[in-house]
Amino acid sequence: QLPFAHELPKIDDHSNAIIETLRKQLTELGQENNRLNVILQEKNARLMQDTLTGIPNRLAYEERLQQEFKRWNRFGNPLTFLIWDIDHFKMINDQYGHAIGDAVLCSVAKQLASRIRGTDFVARVGGEEFVMLLPGADNEAASQLANQIRLSIAESGFSNSEISIPVTISCGLASIQIGDSTQRVFERADCALYQSKRTGRNRCTAG
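Counting restarts for each chain: residues are numbered from 1 in the order of the written sequence. pLDDT decides what is reported in this predicted model: residues at 70 or higher carry local features, side-chain atom pairs at 80 or more are listed and counted, and totals for whole chains, interfaces and linings draw on all residues regardless. Hydrogen atoms and water are omitted, and side-chain values are computed over all heavy atoms in the structure.

All right, on to helix 6 (residues 182–198) then. Helix numbers and strand numbers start at the N terminus; a helix is a DSSP run of H or I with at least 4 residues, a strand a run of E with at least 2. A helix is expected to span 1.5 Å for every residue after the first. Between its first and last C-alpha atoms helix 6 spans 24 Å; for 17 residues at 1.5 Å apiece the expected length is 24 Å, and the two agree. For every residue, the accessible area (1.4 Å probe, protein chains only) is compared with the maximum for its type, and the residue is labelled buried under 20%, exposed over 50%, or partly exposed between those bounds. Looking only at helix 6, the buried set comprises Thr182, Val185, Arg188, Ala189, Ala192, Leu193, Ser196 and Lys197. A contact between two residues is defined here by any heavy atoms of the two lying within 4.5 Å. Against the buried residues of helix 6 lie helix 2 (58–75), strand 1 (79–86), strand 3 (129–135), strand 6 (169–175) and strand 7 (204–206).

What follows is the structure, given as C-alpha cells:
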C-alpha cells in the first residue's frame, strides 16, 4: 500500500459520472469545432470561385497575385502575367443569346484551366476576361504556352447539339521586372492585350 494512500480522496460513482459527462462534452465540442472549420473552409472556397465557370474569381486572383509577387520579390524566379479576352464576345451574346455566351465562357475557362501546370493559376476576373499567372516562366516560355492555348481554342471553337460557332481569344502578357509593382505589370500586359486586339485579334502579344 502506498504511503498516505488512505488520505487520498475516493472517487465515487457520482464523480465518475460527472467526469464521463465532461469528457463526452469535450469530445462533442471538438467534433463541432471540426464541423464548423469544414463549413468555413467550404464557404471560403465558394467565395473564391467564379459561380459560372467554376474556376477561381477576381478575389482569388488578387490574393494569389500578392502571394506570387511576394515570392518573386524573395526568390527572383521568373513570373509572367497574362490577360486573356474572348474576341467579339458581345457579338456572340447578341447573335446567339446569353445562354450560349455563358456556355462559351465555361468552355474557354475549362480549356485555359486544363492547359496549365499545378503551380500555375488562372481566374475569370469579369465578363469575358481571364488572367493567368505562370511562376517560373519567362516571356518566351509564357508566349509559347499562350500561343498553344490560343490555337487550341481557335481550332475547337464551340459546338453543341444545335449549333457550331467559331471562337477565338486574344492575349497580352508581361513578365515582372525589377522595380515593377503589380499595377505596373498589369498595365503592360493590358497594353499588350490592346495591341493584340488592334492588330487583328486571335493573337498573343508580349509587353
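Read on, since the account is not over.
Pairing within the open sheet is mixed, and its five strands lie in the order 2-3-1-6-7. Looking at strand neighbours, the two that pair on one side only are strand 2 (121–126) and strand 7, the edges of this open sheet. Along the sheet, successive strands turn relative to each other by an average axial angle of 20 degrees, direction set aside. Two strands qualify as a pair provided DSSP detects at least 2 bridges between them. Looking at chain direction, strand 2 and strand 3 are connected through five bridges and run antiparallel. Under this scheme, a helix contributes an axis fitted over its contacting stretch, all axes are lines through C-alpha atoms, and angles between N-to-C directions fall in the 0 to 180 degree range.

Here arginine 150 shows up in helix 5 (residues 139–156). Positive: Lys, Arg. Negative: Asp, Glu. His and the chain ends are not part of the count. For this document, the term salt bridge refers to a Lys or Arg side-chain nitrogen within 4 Å of an Asp or Glu carboxyl oxygen. Of the side chains with opposite charge, aspartate 87 comes closest to the buried, unpaired arginine 150, at an N-O distance of 7.9 Å. Counted as a polar contact is a pair of N or O atoms within 3.5 Å, where, for protein atoms, one must be capable of donating a hydrogen and the other of accepting one, and residues adjacent in sequence contribute only when both atoms are in side chains. A distance of 2.9 Å separates a polar side-chain atom of arginine 150 from the backbone oxygen of asparagine 202.

A pair of packed helices is captured by two measures, namely the crossing angle of their axes and the spacing between those axes. Interhelical geometry of helix 4 (residues 98–114) versus helix 5 gives an angle of 145 degrees and a closest axis separation of 10 Å. Of the two possible hands of crossing, helix 4 and helix 5 adopt the one that is right-handed. Side by side, helix 4 and helix 5 meet where Val108, Gln111 and Leu112 of the first sit next to Ile149, Ser152, Ile153 and Ser156 of the second. Here the contact of helix 4 with helix 5 is built from residues that sort into four nonpolar, three polar and no charged. Handedness of a crossing is defined here by the sense of rotation of the near helix relative to the far one, left-handed for an anticlockwise turn of less than a right angle and right-handed for a clockwise turn. In this count, Pro and Cys sit with the nonpolar residues alongside Ala, Val, Leu, Ile, Met, Phe, Trp and Tyr, while Asp, Glu, Lys and Arg are called charged and the others, Gly among them, polar.

Before going further, it helps to examine helix 4. An ideal rise of 1.5 Å per residue puts 24 Å on 17 residues; helix 4 measures up with 24 Å between its terminal C-alpha atoms. Among all positions of helix 4, only Ile100, Gly101, Val104, Leu105, Val108, Ala109, Gln111 and Leu112 are buried.

Before going further, it helps to examine the pairing of strand 2. Burial analysis of strand 2 places five of its six residues in the buried class, which makes it a mostly covered element. Two successive antiparallel strands, strand 2 and strand 3, enclose a turn made up of two residues, where glycine 127 displays a positive phi of approximately 55 degrees.

Centres within 6.5 Å make a pair out of two Phe, Tyr or Trp rings, where for Trp the six-membered ring is used; the pair is then stacked when the planes are under 30 degrees apart, edge-to-face when over 60, and tilted otherwise. Tallying each qualifying case throughout the model produces three aromatic pairs. Centre to centre, the rings of tyrosine 61 and phenylalanine 81 are 6.1 Å apart; their planes meet at 45 degrees, and the pair counts as tilted. Of this pair, tyrosine 61 sits in helix 2 while phenylalanine 81 sits in strand 1, placing them 20 residues apart in sequence. The pair tyrosine 61 / phenylalanine 81 is uniform in exposure class, with both members buried. Grouped by ring-pair contacts, the aromatic residues Tyr61, Phe81 and Phe186 constitute a single cluster.

Considering all chains together, one arrives at 10 salt bridges under this definition. Among the salt bridges present, the one from arginine 71 reaches glutamate 68, with a minimum N-O distance of 3.0 Å. Of this pair, arginine 71 and glutamate 68 both sit in helix 2, separated by three residues, roughly a single helical turn. Taking the relative accessible area as the measure of exposure, arginine 71 reaches 43% and is therefore partly exposed. A relative accessible area of 5% places glutamate 68 in the buried class. Across the pair aspartate 180 and arginine 188 runs a salt bridge, and its minimum N-O distance is 2.9 Å.

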